[in-house]
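So the chains spell out like this:
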Amino acid sequence: MSGSRSPRKRARPSGGRARPRPNPRPGPAPGPRPPARPAPRPLVGAPPARPLPNVGYTGLLTDASGPFRSRAALGLVLVALGYLVVTTLLMDAGAAVSWLARGRHGSFSDGYALVASYGVVEGVAVVDLALASVVLVVLAVARWVNGRTPGWTCSVEGRLRPGLLGCCLVIGFVVLNAVYLLGGADRSGGSGPPEHAWIWVLLVLLTSPLQAAGEEFLFRGYVQQAVGALTGRTWAAVGASALVFALMHGTQNAALFIDRLGFGLVAGAVVVATGGLEASIAVHAANNVSSFCYAVAAGTVSQTRLIDESTWSTTAPNLVAYALCGALAVLAARLLGRRRTTGPGPV
């Protein structure tokens with residue numbers, strides 16, 4: 001076209017070859033990509049997650065994602081509220097059934113007091129099953145707040161280990177009864193076995209182990225794991241769970257408080273040393289079943305249920321018995337090859 005200027009071609013150097021361009025300066029070699037950070041988990045309703053590797057029982061609620069300390073603190077509050085609500089409802093319902101079935105003699109408050117103190121045979125089942133229901137509260141909170149399936153509340157192996165449970169049950173019955181009988185404990189002062197004593201014994205055998213499991217899942221289970229997550233200190237978790245356990249038994253003199261505190265400390269330490277709740281459940285169950293069977297024989301069931309005083313001469317051999325049960329339980333766990341941590345890899 002007229003008036004337009006055609007584009008000029010860039011002249012090539014002699015030889016017709018394009019001049020080579022200099023290579024860019026070499027940069028640093030690309031390193032490995034940093035690992036992707038895990039997505040944060042919600043505070044409530046978290047999906048099931050596995051614990052970290054190489055952690056003991058008090059570290060099972062810790063993880064690498066999300067605010068696990070906040071979840072542990074929230075879980076403690078919810079477990080406490082659940083304990084109060086569920087046990088209150090079940091105790092009220094059981095006492096109401098007992099009061100109605102017995103013809104509504106006296107006020108409902110009187111009927112409730114009889115049930116709560118084991119003054120009537122059905123009181124054994126009502127109280128024990130109400131406390132056993134705490135297991136469901138603990139497992140629900142651990143699942144929906146902390147993202148742990150029920151097995152991780154039982155042990156570092158993610159399950160209840162029946163072999164260790166059975167061995168420790170035998171250890172508990174043998175050691176505790178040996179100390180009780182050899183110590184010459186005073187079994188006088190009762191009115192003799194109640195009418196239909198076999199029903200009392202049967203209910204004790206059936207429900208006292210469940211009540212012991214409820215307390216162990218609560219104190220040595222959730223409280224110990226949650227305090228471990230909050231503090232990162234095993235000794236703090238064991239001490240806090242033992243102290244709460246002793247205080248929750250209500251009014252008591254110094255000797256009885258030390259007895260219960262000592263049991264809590266030994267049980268908590270054994271849970272850490274064996275990696276699970278089996279030993280503490282077994283010894284606790286053996287203690288309660290034995291105590292109440294002796295009480296049925298002596299006619300002192302209500303006194304045993306409401307005990308608020310002890311003597312140092314009773315507490316001292318009891319502490320020795322708890323320590324011996326704990327040492328034998330740890331030995332049994334070692335012989336059975338049970339783990340005390342989650343292991344070196346994914347669990």
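Details of the structure are given in the entry above.
Throughout, a residue's number is its position along its own chain's written sequence, starting from 1. Only residues with pLDDT of at least 70 get local features here, since the model is predicted, and only at 80 or more are side-chain atom pairs given and counted; chain-wide, interface and lining totals rely on the full set of residues. Hydrogens and water molecules were not included; the side-chain quantities draw on all heavy atoms of the structure.

### Details of the state of the cysteines
A pair of cysteine sulfur atoms is labelled a disulfide when the two atoms are within 2.5 Å. Considering all chains together, one arrives at zero disulfides under this definition. A disulfide-free cysteine, C168 has its sulfur positioned 6.7 Å from the sulfur of C167, the nearest such atom.

### Comments concerning the nonpolar core
Remark: nonpolar core denotes a set of buried residues (Ala, Val, Leu, Ile, Met, Phe, Trp, Tyr, Cys) joined through side-chain atoms within 4.5 Å. Categorising residues by exposure relies on relative accessible area from a 1.4 Å probe, with only protein chains included: less than 20% of the type maximum marks a residue as buried, more than 50% marks it as exposed, and the intermediate range marks it as partly exposed. Formed by 55 residues in total, the largest nonpolar core has its most connected members in M91, L176, L218, Y222 and V301. With sequence-adjacent residues up to four places away left out, V301 is seen in contact with Y118, W200, F292, A295 and V296. One finds V55, F217, V271 and I281 within the second-largest nonpolar core, a separate group that totals 13 residues. Contacts are residue-level and defined by heavy atoms, with any inter-residue pair within 4.5 Å sufficient.

### Describing the packing of helix α1 (residues 68-101) against helix α4 (residues 134-144)
For any two helices packed against each other, one specifies the crossing angle of their axes together with the interaxial distance. Comment: axis = line fitted to C-alpha atoms, over the contacting stretch for helices; angle = value between 0 and 180 degrees taken between N-to-C directions. The numbering of helices and of strands both runs from the N terminus, where a helix is a DSSP run of H or I of at least 4 residues and a strand a run of E of at least 2. Taken N-terminus to C-terminus, the directions of α1 and α4 make an angle of 150°; their axes are 9 Å apart at the nearest point. By the angle class used here, α1 and α4 are roughly antiparallel. Crossing of α1 over α4 shows right-handed handedness. Across the interface between the two elements, G75, L78, V79, G82, Y83, V86 and T87 from α1 touch V134, V137, V138 and V141 from α4. Looking at side-chain class alone, the contact of α1 with α4 contains eight nonpolar, three polar and no charged residues. Comment on the angle field: the value is read as roughly parallel under 35 degrees, roughly antiparallel over 145, roughly perpendicular from 65 to 115, and oblique elsewhere. With the far helix as reference, a near helix turned anticlockwise by less than a right angle produces a left-handed crossing, and one turned clockwise produces a right-handed crossing. Gly counts as polar in this scheme, as do all residues outside two lists: the nonpolar Ala, Val, Leu, Ile, Met, Phe, Trp, Tyr, Cys and Pro, and the charged Asp, Glu, Lys and Arg.

### Observations regarding the packing of α1 against helix α3 (residues 121-132)
For the pair α1 and α3, the least separation of the axes is 8 Å and the interaxial angle reads 160°. As the angle between them shows, α1 and α3 are arranged roughly antiparallel. Where α1 crosses over α3, the two elements pack in a sense that is right-handed. Packed against α1, whose contacting residues are Y83, T87, L90, M91, G94, A95 and S98, the element α3 presents E122, V126, V127, L129, A130 and L131 at the interface. In terms of residue class, the contact of α1 with α3 is built from nine nonpolar, three polar and one charged.

### Some points on the environment of L243
Examined against the element boundaries, L243 turns out to sit in helix α8 (residues 234-247). The exposure class of L243 is partly exposed, given its relative accessible area of 40%. Sequence spacing of L243 and F219 is 24 residues, and the spatial spacing of their C-alpha atoms is 9.5 Å. Residues contacting L243, with those up to four places away along its chain left out, are F257 and L261.

### A closer look at the pattern of salt bridges
Whenever Lys or Arg places a side-chain nitrogen within 4 Å of a carboxyl oxygen from Asp or Glu, that contact is recorded as a salt bridge. Counted by the stated rule, this structure contains eight salt bridges. Notably, a salt bridge pairs D63 with R148, separated by 3.7 Å at the nearest N-O pair. Here the residue D63 occupies a position in the segment before α1, and R148 occupies one in the loop between α4 and α5 (150-154), the gap between them amounting to 85 residues. Using a relative accessible area of 8% as the deciding quantity, one classes D63 as buried. The closest approach of N and O atoms between R161 and E157, which form a salt bridge, is 3.1 Å. Since its relative accessible area comes to 1%, R161 is described here as buried. Look at the salt bridges and you will find they share partners, linking E157, R159, R161, E278 and R338 into a network.

### Topic: the packing of aromatic side chains
Centres within 6.5 Å are what make two rings of Phe, Tyr or Trp a pair, Trp counting through its six-membered ring; a difference in plane orientation under 30 degrees is then read as stacked, over 60 as edge-to-face, and the rest as tilted. Evaluated as defined, the whole model comprises seven aromatic pairs. Geometrically, the ring pair formed by W99 and F108 is edge-to-face, given 5.8 Å between the ring centres and 80° between the ring planes. Residue classification places W99 among the partly exposed positions, given a relative accessible area of 22%. Judged by centre distance (5.3 Å) and plane angle (55°), the rings of Y118 and F292 are tilted. Of this pair, Y118 sits in the loop between α2 (108-116) and α3 while F292 is found in helix α10 (residues 278-298), placing the two residues 174 residues apart along the sequence. For Y118, a relative accessible area of 4% translates into the label buried. Of the aromatic side chains, those joined through ring pairs into one cluster are F219, F245, F263 and Y322. Across from the ring centre of F245, 4.3 Å away, lies the NZ or CZ of R220, which sits over that ring. Over the ring of Y118 we find R305, and its NZ or CZ is 5.2 Å from the ring centre. We call a charge positioned above a ring when the Lys NZ or Arg CZ atom is no farther than 6 Å from the ring centre and deviates by at most 35 degrees from the ring normal.

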